[in-house]
Amino acid sequence: MKITKSLAITIGVLAAHLIFAYVLPYFAPYDPRRWATVPRDMPPSTAFLFGTTTVGQDLFWLSSYALRNSITLGILTASVSILIAFLLGATAGFVKNPALHNILTLCIDSFSLIPGLPALIVLTYSWRKYLSPILIALILSIFGWAWPSRSVRSLILSLRERPFTHTALLSGYSMIEIFFKEYLPYIIKWLAVSFLGLLTWAIGMETTIAVFGLSTLEEATIGSILYWALQYQAILRGIWWWPIIPILLLTTLIVTIYQLSNMIGELLGAR
Amino acid sequence: MSEFLLELKNVSKFFGYGFIGWIKFPAVDSASLSMEKEPKILTIAGESGCGKTTLARIVLGLLKPEEGTVLYKGKRVYSLKRGERKLFRKEVQAIFQDPYGTFNPLRNVDTYLFGTAKHMLNMKDEEASSQIKETLSFVGLTIDEIVGKKPSEFSGGQLQRIAIARALLSQPRLIVADEPVSMIDASSRMNVLNIFKELKQREISFVYITHDLATAYYISDEIAIMYRGMIIEKGPADEVLLNQYHPYTKALVSSLPEHGKREKWIKEEMSPLGMEIKEFLASGCKYISTCPNKMEKCLKERPPMFEAGKVKVACWLYG
Amino acid sequence: MDLVLRGLNIKGGYEMSKVYVDAVNNVSLELYKNEIFGVAGESGCGKSTLVKILYGYIEPPLKLKSGSIELYSNDEKSFMISSLSLDDLRKTVWWKHISYIPQNSMNVLNPTTRVKDHFAEMYKTYTGMKKKEAYAMARKYVEDFGLPSDALQAFPHQLSGGMRQRIVIAVALLLQPAMVLADEPTSALDVINQRAALMFLKKAQERLKNTIVLVSHDMGIHSVLTDRMGVMYAGNIVEVGGTQAIFEKPLHPYTEALIESLPRLGDKSQRTGLKGQPPDLRQPPSGCRFHPRCPYSKPICQKEEPEHGKREKDRRVSCWIYAS
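Report follows, based on the coordinates. The shown structure was predicted, so the numbers you read here are calculated from the model rather than taken from an experiment. Along each chain, residues carry numbers from 1 onward, in the same order as the chain's sequence is written. Note on labels: chains are lettered from A, ligands numbered from 1, in written order. Two thresholds apply to this predicted model, a pLDDT of at least 70 for residue-level local features and 80 or more for giving and counting side-chain atom pairs, whereas whole-chain, interface and lining totals are computed over all residues. Just so you know, side-chain values use all the structure's heavy atoms and leave hydrogens and water out.

Considerations on the overall build of chain A
For helices the rule is a DSSP run of H or I covering at least 4 residues; for strands it is a run of E covering at least 2, with both sets numbered from the N terminus onward. Within chain A, the secondary structure is distributed over 10 helices and 0 strands. Its C-alpha atoms put chain A at 75 × 50 × 30 Å along the principal axes. A buried classification covers 48% of the 271 residues belonging to chain A. Here a residue-residue contact requires only that any non-hydrogen atoms of the pair lie within 4.5 Å. A separation of at least 24 residues holds for 68% of the contacts in chain A among residues at least 6 apart in sequence. With an accessible surface of roughly 13,400 Å², chain A has 72% of that area assigned to carbon and sulfur atoms. His is not counted, nor are the chain ends, whereas Lys and Arg count as positive and Asp and Glu as negative. Where a charge lies is defined by one atom per residue type: Lys uses NZ, Arg uses CZ, Asp uses CG and Glu uses CD. Here chain A contributes 17 positively and 11 negatively charged side chains, and the mean placements of these two sets differ by 3 Å. Between buried and exposed lies partly exposed: a residue is buried under 20% and exposed over 50% of the maximum accessible area for its type, with that area taken using a 1.4 Å probe on protein chains only. Accessible surface area values rest on a Shrake-Rupley calculation with a 1.4 Å probe, where residue burial reflects the displayed protein chains alone.

Description of the packing of aromatic side chains
Pairing of aromatic side chains requires ring centres within 6.5 Å, counting the rings of Phe and Tyr and the six-membered ring of Trp. Pairs whose planes differ by under 30 degrees are stacked, by over 60 edge-to-face, and all others tilted. In this structure the tally under the stated criterion is 32 aromatic pairs over all chains. For the ring pair Y227(A) and W228(A), a centre distance of 5.1 Å and an interplane angle of 75° mean the geometry is edge-to-face. Seen from the ring of Y173(A), R107(B) lies directly overhead, with NZ or CZ sitting 5.9 Å from the centre. K197(B) extends its terminal NZ or CZ atom over the ring of Y218(B), reaching a point 4.1 Å from the ring centre. Either the NZ atom of lysine or the CZ atom of arginine qualifies as a charge over a ring when it sits within 6 Å of the ring centre and within 35 degrees of the ring normal.

As for the interface of chain B and chain A
On the side of chain A, 18 residues touch chain B, which itself brings 22 residues to the contact. Put simply, buried area is how much 1.4 Å-probe accessible surface two parts lose in total, over both of them, once they are put together. Between chain B and chain A lies a buried interface of about 1,800 Å² when both sides are counted; carbon and sulfur atoms form 58% of it. Among the residues of chain B in contact with chain A, L106(B), R107(B) and H119(B) are the three that bury the most area, contributing 30% of the side total. Here, a salt bridge means any Lys or Arg side-chain nitrogen found within 4 Å of an Asp or Glu carboxyl oxygen. At the junction of chain B and chain A, the tally comes to 2 salt bridges. A salt bridge links E161(A) to R57(B), with the nearest nitrogen and oxygen atoms 3.1 Å apart. In the analysis that follows, any N or O atom pair within 3.5 Å is treated as a polar contact, provided that within protein one partner can donate a hydrogen and the other can accept it, and provided that, for residues neighboring in sequence, both atoms belong to side chains. Seen at the junction of chain B and chain A, the total is 13 residue pairs in polar contact (both at pLDDT 80 or more). Every element with two or more residues in the side of chain B that touches chain A is listed here: β6 (92-95), α3 (99-102) and α4 (110-121) of chain B. The biggest single contributor to the side of chain B that touches chain A is α4(B), with 6 residues. By residue class, the composition of the side of chain B that touches chain A is 10 nonpolar, 8 polar and 4 charged. Under the scheme applied here, ten amino acids are nonpolar (Ala, Val, Leu, Ile, Met, Phe, Trp, Tyr, Cys and Pro), four are charged (Asp, Glu, Lys and Arg), and all others, including Gly, are polar.

Geometric values such as these leave the question of function open.
Structure, rendered in structure tokens:
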């Protein structure tokens, strides 16, 4: 009973975020990214629900655009990372050739040891001219896949040692059948939880590099709003809503996804 | 054609140990064994970590040894052709220790039964289910009791009987049973072991892996005792277990807690075993740190298998 | 014979949100000075739960529903274990008067602490000894027990499993408690190391003349080590008596089946096991809990629980066969 109640709250909050991000932009009365469309520095009021920025953007519509872009970027990163993680991890877990196995393992381990943030800053800085949300998602994926891939690999290796694998072999199942029928349920559980983890990680990462000015600043993301708020010294000038509102949106989103992944983990683990 | 059903010649399997596996230690150390075609129960006995489970997996064709050959009906198990391999899988089956680990907790147990009937006997659903019914009734279960159920819905004893039924379905010639009763309550253990005895009458041979010498004595015809990866004594079960030739076998039997042995068991001097890994890597006899009969020679040279009556013993006392 | 512990009508089990597992059902027992008392029974019969309750180690979901446990210490004090809080037990009773060796206990030693510090820590905490003195005492104690004193300098993982188990036993006996509860102390060990550890326990008990409760599923161990024993089935003690007497002539049908099913070296006669499974203790069977598996079951067995009645001297059996 307790679980379903908190699950309902979590799903409700998440749905609110998704509607805000994916439905509302269609009703925007004007392109919220453009400057000087509304009066500057208006605090939140009935006219401007989230207030306006120093460059004359309506923060309500702008945040809605930004949240959409941030979530999309997160989903894209998580999907690409999970795909690579699954393919390489499963291959590394299954190949018989010891040399190939060692090369794959080495490759996965090296990527998982690269410190993400510094490398990201270098990459985005050197490619800053070509940056777009899609390119950023792909760059993030370079760093995102290795950890889940490692887990998929070790999950398969440990499943292969479980007696039920031997039972299946002795029942005449082929290794491919065993993979799809016996292992996939375990791997999918794991990937579902990793997916949500990667999603929040990617959104957080994009925000971080954006604050350094290394993201697509003309495109609205949570990070780019924060960047401009910092550039215009919003807090010092008392325009608190400019940075605070996107931070609140980001925090509630990440906490909700985190909650959800915990619940999914618990639900799947309990079986 | 070979006269043996199963033959192991100087089989060794190494595992890595220590920092990224620098030190290779022999989990199974040049083990040789043979089983005649006549149905028999051969026990491989030893304490945990002696390599008996590794040896079982080698026999099953699941773990390739680095050295030595494994022959089933005279053919090398690890270089079988496609068709031969399928026949080997059908004829050599297994029962494992942990009944709850034997089946995937996410799947229904009957899938393994139907899978075996389909793959090994090429049966269609209807034929398969009548075959499964018959096999299950042999172990005292009905098909309605098990269909559509997950492993967690059964007791350990029930699952172990389902595991036996699964192994029997493919009409095997040899069953490797790795500690099949160690996780079952003592009061139901005999029911499982009696099934093995009965199956021997039906032309099925067994390799029974156990640490329990009392159950080994109860069902086996022949026995091999392992210590730190090596087979140190082998021969007819009566002879080995009642007369014990190797000092280690003597220590094992005298440590067995049994009714009627009270005085001896508590009072008689004995020494506990040494550290495992050092003994695995020893170049002489591996039992030297504990052995009451040790000689100079034991430290330097590994004893080969000597004949002592009907038994073969790896001990310099018999050299 | 001096009484050391008296348990009266102990009822306890595991209470979870919706189900109650009736693990110990109306158990009474008396334990005396200078004896090894064995608790036998198969997995899930409640023997570990009983020992936890005797120790007073009751934490949710485990709950003591009713009954009392009274311990009489060496210095002739008595402690009502069943009504003391965990805090009080920790301060005044545990280790000093009663100690507990839990299952898989050879792995309870802190891996980063040398063996000598395990002993010294106990001395320091409970007797207020200084560090140097505590080390000296530890060395003397260990040597007195016939353990190699170089084991003191080692970290637990450097010792073999058998040695670690003996260290755990030595730590439990350090403050000379009146009673030691040992729950399957050797089930993780091989027969040779098991024998070494149990011989060690036996020798220690002979020196200290205290009481040891030894829980084991292995009937063989009871036959060679315990003086008296209780056989548990589905939360009840179905038979209590002298170990040798029980092995020679088991009275309860369950005890009989347990002993009958034991294979022995040199005896190839056909053995049979019990049919069926132990009951689900969330819904224990009515009447005698053994009746669904009992070869001698009578109509009354299904309806009424048999009394734990006295047969011969110090022999008690719960079975309708013996009802007069």
